[in-house]
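Each chain is listed here by its residues.
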Amino acid sequence: MSPTSIIIICGLIVILLIICLVTFFLKLSIRKQIWGASGILLILVIGYFVLLPKLVELQTNDAIEKLNTYLTTIYPNDSWSVTDTDDDKLKKTVELHVRFQTETDIVYSYNITDEKIEQIDFWSIEGKSSKDLINSGTKPLHLEKKIK
């Protein structure tokens, strides 16, 4: 769970505790209704933060499957490993990193959406950028388009 999520949950708990303490000055029937609404809200928020990582994982796994299918059609005689970027939010675009077995010193970055798969950048495992690699004379084997 991300630090932001923990801060949000803690903030919500503090707000709900303050609301529940304030209700002691109200009638019993109103107090019970506010406590019930606060409890439901707390359960919904915690449920959201419990389900969110599972949804992100499903989205990432779906993107990995699409990327593997795509790479199999483009590079049928090659093998690769795919890693994600450890995002903790649902996004329209999933970014994945690929290292090919025939070119283990370069990492390629791909953006995957429902409509398309696009290679967006590459870099060396030593940290050299795509421009540095090209300027030093390294010709990437799996470059699909000119990187900006």
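Shown above is the structure to which this text applies.
Residues numbered from 1 in each chain as written. Predicted model: local features only at pLDDT ≥ 70, side-chain atom pairs only at ≥ 80, totals over all residues. Heavy atoms only, no water.

Visitor: Talk me through the environment of R31; I want residue IDs and the actual numbers.
Guide: In this structure, R31 sits in helix α2 (residues 28-74). Looking at R31, the relative accessible area reads 17%, which means it is buried. Remark: the alpha-carbon pair of R31 and D88, spanning 57 residues in sequence, is separated by 37 Å. Those residues in contact with R31 that sit more than four places away from it in its chain are T23, F24 and L26. Side-chain polar atoms of R31 contact the backbone oxygen of T23, separated by 3.3 Å. (Helix = DSSP H or I, 4+ residues; strand = E, 2+ residues; numbered from the N terminus. Buried < 20%, exposed > 50% of the residue type's maximum accessible area, 1.4 Å probe, protein only. Contact = heavy atoms within 4.5 Å. Polar contact = N/O pair within 3.5 Å; in protein donor to acceptor, adjacent residues only side chain to side chain.)

Visitor: Lay out the environment of V94 in plain terms, naming residues and giving numbers.
Guide: Among the secondary structure elements, V94 is positioned in strand β2 (residues 94-100). On the accessibility criterion, V94 (10% relative accessible area) is buried. Residues V94 and I117, spaced 23 residues apart in sequence, show a C-alpha to C-alpha distance of 9.6 Å. Non-local contacts of V94, meaning those with residues more than four positions away in its chain, are made with Q59, A63, Y110, N111 and I112.

Visitor: Describe in detail the pairing of β2, supporting the description with residues and values.
Guide: With respect to burial, β2 is a largely interior element, five of its seven residues being buried. By the bridge criterion, five bridges tie strand β1 (residues 80-84) to β2 in an arrangement that is antiparallel. In the sheet register, V82 faces β2, and the bridge partner there is V98. Examined bridge by bridge, β2 and strand β3 (residues 103-112) share six bridges and lie antiparallel to one another. Bridge assignment links V98 to a residue of β3, and that residue is Y108. Turn length for the β2-β3 hairpin, with the two strands adjacent in sequence and antiparallel, is two residues. (Pairing = 2+ DSSP bridges.)

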